[in-house]
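Architecture and fold: a report
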Amino acid sequence: MTIKPRSNAVVDTENTSGDFDEEFKPMTAEEAKQWRSTRKSVSPWRIVVWQLVVGILCALLAGTWFGEVVGVSVAYGCGAVVFPAALMVRGLQRQSTVVQPTAAMLGFVIWESVKILLTVVILVMAPRLISPLDWLALVVGFVVTMKVYWVAAWLHSRQRSLIGLN
């Protein structure tokens, strides 16, 4: 049995003639610049602000309908999302001048780790800082605030498809 050395080339199973796909055309620098200009991204600060707004509204509604203990617990759950997220966005913005992809990725991983650790610490401190505490309300506030990421992504993609950018 002979073993053939592996090639680094990607094999196209549809096109066995060895030719490149005729539909593929590399972009020029100008075309790439124009394409990037049509791909507007959502500001991370906008998402943090929306999380804060949703958190405040949830806490006010919960406090009005179910009492002060529930409202404060929902607000604490929202804060456990908003404050670490704001710290992460701030940290990532400070390193935005990093040009090397590896350093940028490492910075993202570090700030994401800081965000997760801070979130865990905030949640662990909840019973010591809030008494009485309604854990269900805290978790509801936490989850609703976390879902703002997904709603923002969905709204952004929907807005882009409505104006024909996809």
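Everything discussed here concerns the structure shown above.
Residues numbered from 1 in each chain as written. Predicted model: local features only at pLDDT ≥ 70, side-chain atom pairs only at ≥ 80, totals over all residues. Heavy atoms only, no water.

1. Some details on the layout of surface pockets
One number sums up the size of the second largest pocket: a volume of about 160 Å³. As for the second largest pocket, its lining consists of P44, I47, V48, A85, M88, V89, L92, Q93, K115 and Y149. Mapped onto the lining of the second largest pocket, the elements with two or more residues apiece are helix 2 (44-66) and helix 3 (68-94). With five residues, the top contributor of residues to the lining of the second largest pocket is helix 3. Grouping the constituent residues of the lining of the second largest pocket by class yields eight nonpolar, one polar and one charged. (1 Å grid on protein atoms, 1.4 Å probe; cavity = no way out; pocket = protein on both sides within 12 Å on 5 of 7 lines; lining within 4 Å. Points joined across faces, edges and corners; volume = space filled by probe spheres on them. Helix = DSSP H or I, 4+ residues; strand = E, 2+ residues; numbered from the N terminus. Nonpolar A, V, L, I, M, F, W, Y, C, P; charged D, E, K, R; others polar.)

2. Examining helix 2
Across its 23 residues, helix 2 extends 32 Å between first and last C-alpha, which sits within 8% of the 33 Å expected from 1.5 Å per residue. Those residues of helix 2 that sit buried are I47, V48, Q51, G55, A59 and A62. For helix 2, the N-terminal capping position is held by S43, with its side-chain oxygen 3.2 Å away from the main-chain nitrogen of W45. Note on helix 2: the residue one or two positions beyond its end, G67, has a positive phi of about 110°. (Expected span 1.5 Å × (residues − 1). Buried < 20%, exposed > 50% of the residue type's maximum accessible area, 1.4 Å probe, protein only. Polar contact = N/O pair within 3.5 Å; in protein donor to acceptor, adjacent residues only side chain to side chain.)

3. Some words on the pattern of salt bridges
Overall, the coordinates contain one salt bridge when judged by the stated rule. In this structure, E112 engages K115 in a salt bridge whose closest nitrogen and oxygen atoms are separated by 3.6 Å. Remark: K115 and E112 occur in helix 4 (residues 101-129); sequence separation between them is three residues, near one turn of the helix. Among the residues examined, K115 registers a relative accessible area of 15% and is labelled buried. (Salt bridge = Lys/Arg side-chain N within 4 Å of Asp/Glu carboxyl O.)

4. Examining the environment of L87
As for its position among the elements, L87 is in helix 3. Other than its neighbours up to four places away in sequence, L87 contacts W111, V114 and L118. (Contact = heavy atoms within 4.5 Å.)

5. Description of a nonpolar patch on the surface
A surface patch of nonpolar side chains, about 380 Å² in accessible area, is lined by V49, W50, V53 and L57. Within the fold, W50 resides in helix 2. (Patch = residues over 30% accessible without salt bridge, like charges linked within 9 Å, V, L, I, M, F, W, Y side chains within 5 Å. Areas by Shrake-Rupley, 256 points an atom, 1.4 Å probe, with all protein chains shown as cover.)

6. Some points on the side chain of T119
Position of T119 among the secondary structure elements: in helix 4. With near-sequence residues (within four places) excluded, T119 lies in contact with A80, P84 and F142.

Keep in mind that these numbers describe shape and distance, not what the molecule does.
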